[in-house]
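# Observations on chain architecture
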Amino acid sequence: MKITQISVFLENRKGRLYDVCSLLGGHGVNIRALTIAETESFGVLRVVVDKSEAAIKLLRENQFVANFTDVVAIEVPDQPGGLASILKILSEHDVNIEYMYGFVEKFSDKALLVMRFEDTDFAQQILAKQKIHVVTEKEIEGL
Amino acid sequence: MMDIPFWNREIETAERGRIEQIQFQRLQETIGWALKTNLYRKRLSQVGVNSSDDIKSLGDLRRIPFTTKDDLRVSFPKGHLAVPMNEVLRVHSSSGTTGIPTVIYYARQDLDNWTDLLARSIVATGAGPGDIFQNMMTYGLFTGGLGLHYGAERVGLTVIPIGGGNTKRQIQVMKDFRTTVVHVTPSYLLHIHSKLGEDGIELKDLALRKAFIGAEPHSENTRRKLQDLLRIDAYNSYGLSELNGPGVAFECVCKKDMHVWEDAFIVEIIDPKTGEPLPDGQEGEVVLTNVVRRATPILRYRTRDLAFLHPQGCDCGRTHRRLSRILGRTDDMLIINGVNVFPSQIEEKIMKIPEVATNYQIHVDKKGALDRLTVKVEIYPKLFLGEVSKLESLKHRIVEELRSSITISPGVELHEPGSLPVYEGKAKRVVDERPKD
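Residues numbered from 1 in each chain as written. Chains lettered and ligands numbered in written order. Predicted model: local features only at pLDDT ≥ 70, side-chain atom pairs only at ≥ 80, totals over all residues.

## Focus on the overall build of chain B
Looking only at helices and strands, chain B has 11 helices and 20 strands in total. Relative to its length of 437 residues, chain B is compact, with a C-alpha radius of gyration of 23 Å against a globular reference of 22 Å. Dimensions of chain B, computed from C-alpha atoms along their principal axes, come out at roughly 70 × 60 × 45 Å. The buried share of chain B, reckoned over its 437 residues, is 44%. Of all intrachain contacts in chain B linking residues separated by at least 6 positions in sequence, the fraction that spans at least 24 positions is 68%. (Helix = DSSP H or I, 4+ residues; strand = E, 2+ residues; numbered from the N terminus. Rg over C-alpha atoms; globule rule 2.2 N^0.38 Å. Buried ≥ 20, exposed ≤ 12 C-beta atoms within 10 Å, placed from the backbone. Contact = placed C-beta atoms within 7 Å.)

Here it is in structure tokens:
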């Protein structure tokens, strides 16, 4: 099951990241996971929030360039080697990961990671077949 | 009193009457060639000039309408070619205001004439056989490289055809070959100076004595600075490819502005608004007619450069008038490290890229001694899908598209929509932060 990540284009300007976070925070939107991909001249903020639709509307109304990206929330054994074991399975089945980052909360006793795949549908098939637990949008909202 | 060197003393010190006689004769011949071209046939006929005999005095030049860069764009590729293509030995081109470049063709005699003018220019500065000449201007379709190259060979200098760029190598070559004369843009020469010492080569290890500087406007202060820093004499050079390239005007050993070679070029200074001629001493737009080129005759070309002609003679005894340094432009053309860039070229390319919205800005500043061009664009929100690599490759694509038109690589910055100033109508999108020395 896919979940929604919001990607926000950030110019290399002082305070831009703060502007995004204070906007979301000021409207009761809670950030569940985030990461920033940066280059020399700009950044892309990737964020999973509890109210995606409201958040993207808010961002666009405030002149931010923001869009939805499909990602998957995967549970990973919370122990040394836990991530490696998942990555091994994905690699053996030719599932290509573009990037990943961690959630602040856990869903169960396992660690929770956001993963963006080159081919999301194919990845989900493999995850299901390999019985790797994927957390749904609704379950994310409840975190 | 220093010894004044001449390549062709007789012509260079000829009486004004004799110069004008030569101009008139050559103008008539040039009109004959111009009538063979699509560009001029009709417009000459419209003012009653149907053969070279219809030009009865130098004053008749004023009957002929001006030629603009736009005329050359419209007549691309061969509308201004006066000879069959198999008589053309060389083709050069330079920036056009749009994607269409300006092209100039040279027949054998034209190349010989051009080379001779450069030989004359080089000798006027006191350079000669025994000098080691490092030609640091771009070769290829630009006229700066090959122009001085052949002129220098004709005089008998030892020529190092190194072209532009690769600063470390330039300095190494200066040391290895004991270069005495360079041809370069003033900003690049300043840049070279700033890099001395980095690889263990100091000024004392070099043998430089003269620099021919041109291709970009620069002040007397800049020339003095170069001379002081490098302990050389620096001579100003003026030219444009439409009129051959370098060798239209050059400074002599007096270094008090550049002699226009008036047996080869008829120079006029006009009021850019009215087109009326202005007297010597008054600043206006430089208009040039090349009377020693048959393949591409160009009559009364509006250079868009602003300057004045000195009424007084020069201490060297030459009777060819001196043109001041270029004081500005009548259009919005930029010169970035010696390369002409029209904002319209940039606009044309930006408009063709769908991921980029229509708001953009052209930013020019200095990075050390060199000019730096940055094009700032706003990205189009709908096409942003969150991938860094796509944005990076968009940036590279924009750089490549621009480079294919303006020949240099600009910096490109991606900005959020609404973050750049909004331009209304034909307002200038160019922000030029270079100090007006």
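## Quick look at the overall build of chain A
Along the backbone of chain A there are 5 helices and 7 strands. Listing every helix and strand of chain A by position from the N terminus yields β-α-β-β-α-β-α-β-β-α-β-α. The C-alpha atoms of chain A give a radius of gyration of 16 Å, which matches the 15 Å a tight globule of 143 residues would have. Overall, chain A is about 40 × 35 × 30 Å in size when its C-alpha atoms are taken along their principal axes. Out of the 143 residues belonging to chain A, those deemed buried represent 31%. Considering only residue pairs separated by 6 or more positions, chain A has 67% of its internal contacts joining residues 24 or more positions apart.

## A few points about the interface of chain B and chain A
The partner chain A presents 13 residues to the 15 residues of chain B that form the contact. Only helix H11 (388-406) and strand S19 (411-415) of chain B provide two or more residues apiece to the side of chain B that touches chain A. Grouping the amino acids of the side of chain B that touches chain A by side-chain chemistry returns 8 nonpolar, 4 polar and 3 charged. (Nonpolar A, V, L, I, M, F, W, Y, C, P; charged D, E, K, R; others polar.)

## Concerning the sheet that holds strand S18 (residues 370-379) of chain B
Residues and elements named next belong to chain B. Pairing in this open sheet of 4 strands is mixed, and the strands run S19-S18-S17-S20 from one edge to the other. Strands at the two margins of the open sheet, each flanked by one partner only, are S19 and strand S20 (430-432). Across the sheet, the mean angle from the axis of one strand to that of its neighbour is 20 degrees, orientation sign disregarded. In terms of strand pairing, strand S17 (residues 356-367) meets S18 through 9 bridges, oriented antiparallel. Counterpart to Asp365 in the pairing with S18 is Arg372. Taken strand by strand, helix H10 (residues 343-350) contacts S17, S18 and S20, and its axis lies near 140 degrees from that of S17. (Pairing = 2+ DSSP bridges. Axes fitted to C-alpha atoms, helices over the stretch in contact; angles between N-to-C directions.)

## Concerning the packing of H10 of chain B against H11 of chain B
Residue and element names in this part refer to chain B. It is at 9 Å that the axes of H10 and H11 come closest, and there the two elements cross at 140 degrees. Classified by the angle their axes make, H10 and H11 are oblique. You can see that H10 and H11 cross each other, and the crossing is right-handed. On H11, the residues that touch Gln345, Ile346 and Lys349 of H10 are Glu401, Leu402, Ser405 and Ile406. Per-class residue counts for the contact of H10 with H11 are 3 nonpolar, 2 polar and 2 charged. (Parallel < 35°, antiparallel > 145°, perpendicular 65-115°, else oblique. Left-handed = near helix turned anticlockwise from the far one by under 90°.)

## Overview of the sheet that holds strand S4 (residues 158-160) of chain B
Strand order across the open sheet formed by 8 strands is S4-S3-S5-S6-S7-S8-S9-S13 (chain B), with mixed pairing between neighbours. The open sheet is flanked by S4 and strand S13 (322-323) of chain B, the only strands paired with a single partner.

## A look at the domain arrangement of chain A
All names here are of chain A. Looking at the assigned domains, one finds that chain A contains domain 1 (3-70) and domain 2 (71-141). The C-alpha-based centres of domain 1 and domain 2 are spaced at 22 Å. Taken together, the contacts link 10 residues of domain 1 with 14 residues of domain 2. Elements with a contribution of two residues or more to the side of domain 1 that touches domain 2: strand S1 (3-11), strand S2 (31-38) and strand S4 (66-76). (Domains from an automatic or database assignment.)

## Quick notes on the domain arrangement of chain B
Residue and element names in this part refer to chain B. The domain boundaries assigned to chain B delineate domain 1 (9-331) and domain 2 (336-432). When each unit is reduced to the centre of its C-alpha atoms, the spacing between domain 1 and domain 2 is 31 Å. The partner domain 2 presents 14 residues to the 13 residues of domain 1 that form the contact. The biggest single contributor to the side of domain 1 that touches domain 2 is helix H8 (residues 186-195), with 5 residues. Counted by class, the side of domain 1 that touches domain 2 contains 3 nonpolar, 9 polar and 1 charged residues.

## Quick notes on the nonpolar core
Val184, Ala211, Val248, Val260, Phe265 and Leu288 of chain B are the most contacted members of the largest nonpolar core, which totals 81 residues. Residue contributions to this core peak at 7 residues, all from helix H5 (residues 108-124) of chain B. (Core = buried A, V, L, I, M, F, W, Y, C linked by C-beta atoms within 7 Å.)

## So, the environment of Ile171 of chain B
Residues and elements named next belong to chain B. Structurally, Ile171 can be placed in helix H7 (residues 167-177). Along the sequence, Ile171 and Glu400 sit 229 residues apart, while their C-alpha atoms lie 29 Å from each other. Those residues in contact with Ile171, other than ones at most four positions away along the chain, are Ile192, Lys195, Leu196, Asp199 and Ile201.

## What to know about the environment of Val48 of chain A
All names here are of chain A. Within the element layout of this structure, Val48 appears in strand S3 (residues 42-49). You can call Val48 buried: it has 26 C-beta atoms within 10 Å. Residues Val48 and Ser7 lie 41 residues apart in sequence; the distance between their C-alpha atoms is 9.0 Å. In contact with Val48, other than residues within four places in its own chain, are Ile3, Gln5, Arg32, Ala33, Val114 and Ile140.

## Some points on the pairing of S3 of chain A
All names here are of chain A. With 7 of 8 residues buried, S3 lies mostly within the body of the structure. In terms of strand pairing, S2 meets S3 through 7 bridges, oriented antiparallel. Of the residues in S3, the one forming a bridge with Leu34 is Val47. The turn linking S2 back onto S3 is made up of 3 residues.

## Things to note about unusual backbone geometry
Residues and elements named next belong to chain B. Following Phe76, the chain continues into Pro77 via a peptide bond in cis, with omega recorded as 0 degrees. Mapped onto the elements of the fold, Pro77 is located in the loop between helix H4 (69-74) and strand S1 (88-94). A positive phi angle is found at Asn244, which is not glycine, with a value near 115 degrees. Examined against the element boundaries, Asn244 turns out to sit in the loop between strand S7 (233-240) and strand S8 (245-251). You can call Asn244 buried: it has 29 C-beta atoms within 10 Å. Its identity as a non-glycine residue notwithstanding, Arg300 has a phi of 50 degrees, on the positive side. Relative to the elements of secondary structure, Arg300 occurs in the loop between strand S11 (284-290) and strand S12 (301-307).

## Side note on the confidence of the model for chain B
Residue-level pLDDT values for chain B average 95, and 98% of them are 70 or greater. Across the interface, the model reports ipTM at 0.81; the global pTM reads 0.88. (pLDDT = per-residue confidence, 0-100.)

## Some points on the environment of Arg329 of chain B
Residues and elements named next belong to chain B. Looking at the element boundaries, Arg329 is found in strand S14 (residues 328-329). Between the C-alpha atom of Arg329 and that of Glu285, which follows or precedes it by 44 residues, the distance is 8.2 Å. With residues near it in sequence (within four places) discarded, Arg329 still touches Arg304, Asp305 and Leu306.

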